[in-house]
Amino acid sequence: MTKTTEQWINEHPLIQDMVELKETQWFNPGVTTLEEALPFVGLNQDDINDASARLVRFAPFIKTMFPETESSNGIIESPVRAVPAMQSVIENRYSVKLPGQLLLKLDSQLPISGSIKARGGIYEVLKHAETLAINAGLLTEQDDYAKLTTDEFRQFFSQYSVAVGSTGNLGLSIGIMSARLGFKASVHMSADARQWKKDMLRAHGVEVVEYESDYSIAVEEGRRQAESDPTCYFVDDENSTNLFLGYAVAAKRLRKQLDEMEVVVDKDHPLFVYLPCGVGGGPGGVAFGLKMAFGDNVHCIFAEPTHSPCMMLGVYTGLHDEISVQDFGIDNITAADGLAVGRASGFVGKAMERLLDGYFTVTDEEMYCLLALMNRHENIRLEPSALAGVPGIARVLSEEEGYKARMDFSEDQLNNAIHIAWATGGNMVPMEEMRSYIRKGRDYLAVEMAH
Ligand SMILES: *Cc1c(COP(=O)(O)O)cnc(C)c1O
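Here is what the cut-offs are and how they apply
- Residues numbered from 1 in each chain as written.
- Predicted model: local features only at pLDDT ≥ 70, side-chain atom pairs only at ≥ 80, totals over all residues.
- Heavy atoms only, no water.
- UniProt positions renumbered as here; feature names shortened; annotations may be inferred.
- Buried < 20%, exposed > 50% of the residue type's maximum accessible area, 1.4 Å probe, protein only.
- Helix = DSSP H or I, 4+ residues; strand = E, 2+ residues; numbered from the N terminus.
- Right-handed = clockwise from strand over helix to strand, strands pointing away.
- Pairing = 2+ DSSP bridges.
- Axes fitted to C-alpha atoms, helices over the stretch in contact; angles between N-to-C directions.
- Contact = heavy atoms within 4.5 Å.
- Domains from an automatic or database assignment.
- Buried area = accessible area lost by both parts, 1.4 Å probe.
- Salt bridge = Lys/Arg side-chain N within 4 Å of Asp/Glu carboxyl O.
- Nonpolar A, V, L, I, M, F, W, Y, C, P; charged D, E, K, R; others polar.
- Near = heavy atom within 4 Å.
- Polar contact = N/O pair within 3.5 Å; in protein donor to acceptor, adjacent residues only side chain to side chain.
- Areas by Shrake-Rupley, 256 points an atom, 1.4 Å probe, with all protein chains shown as cover.
- Expected span 1.5 Å × (residues − 1).
- Arc of directions from axis to C-beta.

The name given to the chain in an unreviewed UniProt entry is Probable D-serine dehydratase, with Kistimonas scapharcae as the source organism. Note on the chain: under the UniProt heading Catalytic activity (unreviewed entry), the record states "D-serine = pyruvate + NH4(+)". Under the UniProt heading Sequence similarities (unreviewed entry), the note attached to the chain is "Belongs to the serine/threonine dehydratase family. DsdA subfamily."

A.B. asks: Even after reading the chapter, I still don't get the pairing of strand β9 (residues 298-305), so can you show me in this structure?
C.D. replies: One face of the sheet, then the other: side chains in a regular strand alternate in exactly this way. Counting buried residues in β9 gives eight out of eight residues, a clear majority hidden from the surface. Residue alternation in β9 divides its side chains into two sets, V298, C300, F302 and E304 and H299, I301, A303 and P305, and both sets are buried. In this fold, the crossover linking strand β8 (residues 271-276) to β9 by way of helix α13 (residues 281-294) has right-handed handedness. Two elements, β9 and strand β10 (residues 356-362), share six bridges in a ladder whose sense is parallel. Its bridge partner being in β10, E304 is matched across the sheet by T361.

A.B. asks: Help me out: how do you make sense of the UniProt feature "domain: Tryptophan synthase beta chain-like PALP" (unreviewed entry) in the chain in this one?
C.D. replies: Taking the numbering used here, the UniProt-annotated feature "domain: Tryptophan synthase beta chain-like PALP" (unreviewed entry) corresponds to residues 93-397. Helix makes up 43% of residues 93-397 and strand 15%. Its end C-alpha atoms lie 14 Å apart.

A.B. asks: Looking at this model, I keep getting lost on the sheet that holds β10. Mind explaining?
C.D. replies: By definition, the strands of a sheet pair up through backbone hydrogen bonds, in either a parallel or an antiparallel sense. Read from one edge of the open sheet, seven strands run β1-β10-β9-β8-β11-β3-β2, paired in mixed fashion. With one partner strand each, in any of the chains shown, β1 (25-27) and β2 (80-82) form the two edges of the open sheet. Pairs of neighbouring strands in the sheet enclose a mean axial angle of 20°, with direction left out of account. The sheet contact formed by β8 and β9 spans six bridges and is parallel. Paired with F272 across the two strands is H299, which belongs to β9. The strands touched by helix α16 (residues 364-378) are β2, β3 (101-106), β9 and β10; relative to β10, the strand with the most contacts, the crossing angle is about 95°.

A.B. asks: Which parts of the structure should I look at to understand the domain arrangement of the chain?
C.D. replies: By a widely used convention, the size of an interface equals the accessible area lost when the partners come together. According to the domain assignment, the chain consists of domain 1 (5-113 + 244-450) and domain 2 (117-241). Taking the mean C-alpha position of each, domain 1 and domain 2 sit 25 Å from one another. Between domain 1 and domain 2, the residue contacts involve 45 residues of the former and 36 residues of the latter. With both sides pooled, the region where domain 1 packs onto domain 2 buries about 3800 Å², and carbon together with sulfur makes up 60% of that total. On inspection of domain 1 and its partner domain 2, the count reaches eight salt bridges. Among the ionic pairs, E141 bridges to R57, the shortest N-O distance being 3.7 Å. Elements with a contribution of two residues or more to the side of domain 1 that touches domain 2: α4 (45-65), α11 (241-248), α12 (250-260) and α20 (431-450). Broken down by element, the residue count for the side of domain 1 that touches domain 2 peaks at eleven residues, all from α4. When grouped by side-chain class, the residues that make up the side of domain 1 that touches domain 2 number 27 nonpolar, eight polar and ten charged.

A.B. asks: How do you make sense of the pattern of salt bridges when you look at a structure like this?
C.D. replies: Side chains that differ in sign of charge can pair as their charged atoms come close. Under the definition given, this model contains 29 salt bridges. For K404, the salt bridge identified is with E399, shortest N-O distance 3.3 Å. Taking relative accessible area as the criterion, E399 reaches 7% and is therefore assigned buried. One network of salt bridges, with partners in common, ties together D50, R54, R57, E130 and E141.

A.B. asks: Quick question: what am I supposed to make of the site of the ligand here?
C.D. replies: Around the ligand, a shell composed of 16 residues is seen, among which K117, N169, G280, G282 and T424 lie nearest. In this structure, G281 approaches the ligand through a main-chain N or O atom, which is 3.3 Å from an oxygen atom. One nitrogen or oxygen atom from the side chain of T424 is found 2.6 Å from a nitrogen atom belonging to the ligand. Protein burial of the ligand: of its 380 Å² of free accessible surface, 98% is covered by the chains. For the shell around the ligand, the per-class residue count stands at five nonpolar, nine polar and two charged.

A.B. asks: How do you make sense of α16 when you look at a structure like this?
C.D. replies: Three or four residues apart is the spacing at which side chains of an α-helix point the same way, because the helix has 3.6 residues per turn. Helix length check: α16, at 15 residues, gives a terminal C-alpha distance of 20 Å against a target of 21 Å (1.5 Å per residue), a fit within 8%. For α16, the tally of buried residues reaches twelve of 15 residues, placing the bulk of the element in the interior. Those residues of α16 hidden inside the fold are in contact with β2, α5 (84-93), β3, β9, β10 and α20. Just beyond α16, the residue with positive phi is N379, at close to 55°.

A.B. asks: Can you help me understand the pairing of strand β6 (residues 207-210) in this one?
C.D. replies: Sheet topology places strand β5 (residues 184-189) next to β6; four bridges connect them, and they run parallel. Looking at the pairing, V187 lines up with V208 of β6. In this region the chain leaves β5, passes through helix α9 (residues 195-203) and returns to the parallel neighbour β6; the handedness of that crossover is right-handed.

A.B. asks: I keep staring at helix α3 (residues 34-41) and nothing clicks. Help me out?
C.D. replies: Of all the positions in α3, only L34, A37 and V41 are classed as buried. Seen from one end, α3 has its buried residues packed into an arc of 70°, which puts them on one side. For α3, exposure combined with an orientation more than 90 degrees from the buried face picks out E35, E36 and P39. Considering only its buried residues, α3 is in contact with α11, α13 and α15 (346-352). The first or second residue beyond α3 is G42, which carries a positive phi of 80°.

Here you go:
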């Protein structure tokens with residue numbers, strides 16, 4: 001940092017809130033239309049279609065390997081549903097009228113790894129496997145990919161390894177899929193990764209390398225070890241366009257789901273989507289897909305923990321990955337372990353900044369309270385990270401920074417709006433752990449009641 005913290009705060013006053021770990025929000029005045037922003041992304045609809053087609057080719061393999069995908073014919077997808085009870089709970093909780101409809105996108109229920117990482121992480125491993133097999137003359141795109149379940153392919157893939165640095169969920173997705181294909185897999189995990197995730201990976205035959213430090217160091221070490229081994233493929237969470245495109249495929253499928261629910265998205269019925277953000281690949285990729293699917297009628301907003309507001313800080317200062325929350329003394333310690341990232345992806349921030357309407361932060365206590373409320377009122381169990389987007393609807397509708405005015409939303413548009421909180425994970429959390437999450441949320445709620 002060339003300037004002092006004080007200089008930074010003078011020029012960028014919201015940094016003060018971030019440093020004080022206060023919940024805050026920023027609606028970027030620099031957003032543009034999709035048309036203007038697209039050249040800066042460097043990817044297009046053909047790239048998303050290519051990723052989508054690849055996942056269709058792999059569907060017979062996935063269906064055979066993972067019987068839980070039988071009913072969806074090997075397509076890894078999650079439901080979306082209305083949460084009217086939760087909508088009125090948060091209306092009361094934040095004392096704000098919430099017109100429009102709140103939906104929840106339940107990536108917590110994605111098959112195989114129970115989080116949004118089942119989109120990007122699994123996609124990247126499949127793409128790598130396909131490339132190796134095609135280059136070796138063992139596979140063509142016209143083949144039935146169910147053949148990848150045979151011993152011949154397992155033998156072939158066992159000559160190669162896959163490595164990744166992860167806070168947990170990415171490691172789970174990549175580790176499980178790599179191991180099932182026959183790859184040697186190693187996951188470099190930061191100190192905040194949960195024990196049960198390490199245990200589960202080891203049970204799948206994945207090598208888990210543990211670090212005392214945070215996520216960035218685990219990634220760096222993983223990358224370094226992979227560089228010295230030409231048979232090792234490193235999944236780079238900070239810069240991977242493959243991950244990004246795997247996430248982006250979600251959007252077209254969501255549009256189909258909304259069509260089936262007869263939920264209309266157009267100029268008169270704008271769509272707001274609230275995406276929990278860690279390093280940025282997941283929410284960035286989904287947001288890119290959403291923009292390609294719904295154009296300027298969709299408004300994407302990222303949610304981060306107050307202890308790890310890396311994307312908001314990076315875009316707000318314009319420094320992207322050249323700055324970390326730790327540079328301002330923010331500790332990057334949060335119960336939202338999928339979001340515990342101190343330095344955002346430079347690729348995602350630079351590619352997507354013109355397409356993201358805003359950013360907001362949420363305290364850990366609030367995520368726990370929402371977790372308990374979601375369990376009580378909707379009978380939906382989520383991990384803390386997955387709740388970060390839930391306050392989004394209230395943040396947008398109550399904001400007084402001038403965002404709604406600048407966007408020129410009419411009362412009718414806001415009455416007709418659809419709000420989707422992306423519930424990014426939860427189903428893999430062991431029962432005991434989930435009970436303790438819920439207990440913690442209830443305890444916080446009880447303290448609130450007492451005041
Ligand atoms: C990883 C993760 C995210 C955010 O994805 P990034 O690509 O790190 O931004 C959100 N929620 C959960 C549960 C996650 O595991």
